[in-house]
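# Survey of secondary and tertiary structure
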Amino acid sequence: MSRRMKDLLALYKDIASQSWTPEEARTHRERLLVQIQFFQHERLIHLIVTVLFALLTVITLFVSLVVAQPLLLVLFALFMILLVPYIKHYYLLENGVQQLYQYYDALDSMVI
């Protein structure tokens, strides 16, 4: 997914920097809107998963402090190992979608 986002950002950076007729800009804008919707859905799913893993990580940490069970600390470490890539991926999705909004606005100004 990150490769697709990076490729799409590069493509629309090039498209948004060029001058288009209103019809061409409208076509590019409509295609971009579909891609934005796909990434918004992906972003929502990853937000839910990231928040779930963050909650599980915090709960595991608190329970391991109360119960003093070494295996809970191992579970906490595993959750942390998984949480870091989830946060990194969500960060890429969030910033990528924000950039796609800017390209959409640039194309929108050509349509008017």
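Now for a look at the structure at hand. (Residues numbered from 1 in each chain as written. Predicted model: local features only at pLDDT ≥ 70, side-chain atom pairs only at ≥ 80, totals over all residues. Heavy atoms only, no water.)

### Comments concerning the nonpolar core
- If you look at the biggest cluster of nonpolar residues, it comprises 17 residues, and the most contacted ones within it are Met5, Tyr12, Leu32, Phe39, Leu100, Tyr103 and Leu107.
- Of all elements in the fold, only α1 (2-17), α2 (22-67) and α3 (70-111) reach the threshold of two or more residues within this core.
- Ranked by the residues each element gives to this core, the list is headed by α3, at 7 residues.
- Setting aside its immediate chain neighbours within four residues, tyrosine 103 contacts Leu9, Tyr12, Lys13, Ala16 and Leu32. (Core = buried A, V, L, I, M, F, W, Y, C linked by side-chain atoms within 4.5 Å. Buried < 20%, exposed > 50% of the residue type's maximum accessible area, 1.4 Å probe, protein only. Helix = DSSP H or I, 4+ residues; strand = E, 2+ residues; numbered from the N terminus. Contact = heavy atoms within 4.5 Å.)

### Here's the deal with the side chain of threonine 60
- Tracing the backbone through its elements, the reader meets threonine 60 in helix α2.
- Each residue touching threonine 60, except ones within four places of it in the same chain, is listed here: Leu72, Leu75, Phe76 and Phe79.

### Examining the packing of aromatic side chains
- Evaluated as defined, the whole model comprises 2 aromatic pairs.
- Between phenylalanine 53 and phenylalanine 79, the aromatic rings sit 5.8 Å apart at their centres with planes inclined by 75°, giving edge-to-face as the arrangement. Pair noted here: phenylalanine 53 is in helix α2 and phenylalanine 79 is in helix α3, with a separation of 26 residues, a long-range link.
- Classification of phenylalanine 79 as buried rests on a relative accessible area of 13%.
- Here phenylalanine 53 falls in the buried class, since its relative accessible area comes to 14%.
- Each residue in the set Phe53, Phe79 and Tyr86 is aromatic and connected to the rest through ring pairs, giving one cluster. (Phe/Tyr/Trp six-rings, centres within 6.5 Å; stacked < 30°, edge-to-face > 60°.)

### Digging into the pattern of salt bridges
- All chains considered together, the criterion is met by 3 salt bridges.
- Of the charged contacts, one joins arginine 3 and aspartate 7 as a salt bridge, the two residues approaching to 2.8 Å between their closest N and O atoms. Taken together, the residues arginine 3 and aspartate 7, both in helix α1 and 4 residues apart, mark about one turn of the helix.
- Across the salt bridge formed by glutamate 94 and arginine 43, the nearest N and O atoms sit 3.2 Å from each other. (Salt bridge = Lys/Arg side-chain N within 4 Å of Asp/Glu carboxyl O.)

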